[in-house]
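The residues making up each chain are set out below.
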Amino acid sequence: MLPVGSGGAMAALLDALALKEAFEKNATAPHSEVLRIYEGLRYKDASMHQGKCRQQPAENIVQEAMDNVPVTSEVPPEYEQRIQEIMKKIHNAGLEKTTAGENDVIALGVSKGIITEEQAAALRGLAKLG
């Protein structure tokens, strides 16, 4: 999977961190074994991320409009509204509260050392502005 967009960028960062961790903790192991360890570290997260990408909710709405609206007709505004809402959810997913009360992507960034607590607080503040 190519790192396209912010989700792909985050996945690429997490891949790099997992590879680093696998090599640091298993410095004397054969590379094939280190790669198996890396796979174990990333499999669940990467699978979940790819699954979300494959759902393609905006594309599904566009397809629904193409299937249901005659070519000679204007596309009703509710399709655009649905696409805008779904894109907000996709692009702000890490800024929404989970049932645990924490911001998934932001908390992950802090726990992996990608961002600091101060940066996380700033991102959470930005989420309240939107």
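Residues numbered from 1 in each chain as written. Predicted model: local features only at pLDDT ≥ 70, side-chain atom pairs only at ≥ 80, totals over all residues. Heavy atoms only, no water.

Details of the overall build of the chain
Tallying secondary structure elements over the chain gives six helices and zero strands in all. Scanning the chain from its N terminus toward the C terminus, one meets helices and strands in the order α-α-α-α-α-α. Burial analysis of the chain (130 residues in total) assigns 14% to the buried set. Looking at the chain alone, contacts between residues at least 24 apart form 33% of all its contacts between residues at least 6 apart. (Helix = DSSP H or I, 4+ residues; strand = E, 2+ residues; numbered from the N terminus. Buried < 20%, exposed > 50% of the residue type's maximum accessible area, 1.4 Å probe, protein only. Contact = heavy atoms within 4.5 Å.)

Notes on the environment of Ile37
You can see Ile37 is positioned in helix H2 (residues 31–55). Overall, Ile37 belongs to the partly exposed group, its relative accessible area being 26%. Residues Ile37 and Asn26 lie 11 residues apart in sequence; the distance between their C-alpha atoms is 8.8 Å.

A word on helix H3 (residues 57–68)
Its 12 residues place the ends of H3 17 Å apart at the C-alpha level, agreeing with the 16 Å of an ideal helix rising 1.5 Å per residue. Among all positions in H3, only Ala58, Ile61 and Ala65 are buried. Along the long axis of H3, the arc covered by the buried residues comes to 60 degrees, so they all point the same way. Away from its buried face, by an angle of more than 90 degrees, H3 presents the exposed residues Met66 and Asp67. (Expected span 1.5 Å × (residues − 1). Arc of directions from axis to C-beta.)

Topic: the confidence of the model for the chain
Mean pLDDT over the chain works out to 76, with 70% of the residues at or above the 70 mark. This model gives residues 94–102 a pLDDT under 50, and the stretch forms 16 contacts once residues within four places in sequence are excluded. (pLDDT = per-residue confidence, 0-100.)

Looking at the pattern of salt bridges
Evaluation of the coordinates by the stated rule reveals five salt bridges. Across the pair Asp15 and Arg42 runs a salt bridge whose closest N-O atoms are separated by 2.7 Å. Remark: Arg42 occurs in helix H2 and Asp15 occurs in helix H1 (residues 5–25); sequence separation between them is 27 residues. Owing to a relative accessible area of 25%, Asp15 belongs among the partly exposed residues under this scheme. Glu33 serves as the salt-bridge partner of Arg36, at 3.3 Å between the closest nitrogen and oxygen. Here Arg36 and its partner Glu33 are both found in helix H2, three residues apart, which amounts to about one turn of the helix. On the accessibility criterion, Glu33 (34% relative accessible area) is partly exposed. (Salt bridge = Lys/Arg side-chain N within 4 Å of Asp/Glu carboxyl O.)

Focus on the environment of Glu64
With respect to the element layout, Glu64 can be found in helix H3. Counting along the chain gives 15 residues from Glu64 to Tyr79, while the straight-line C-alpha distance between them is 8.8 Å. Residues in contact with Glu64, not counting those within four places in the same chain, are Tyr79 and Arg82.

Quick look at the side chain of Arg42
The buried category is assigned to Arg42, whose relative accessible area is 7%. Residues in contact with Arg42, not counting those within four places in the same chain, are Ala11, Leu14, Asp15 and Ala18.

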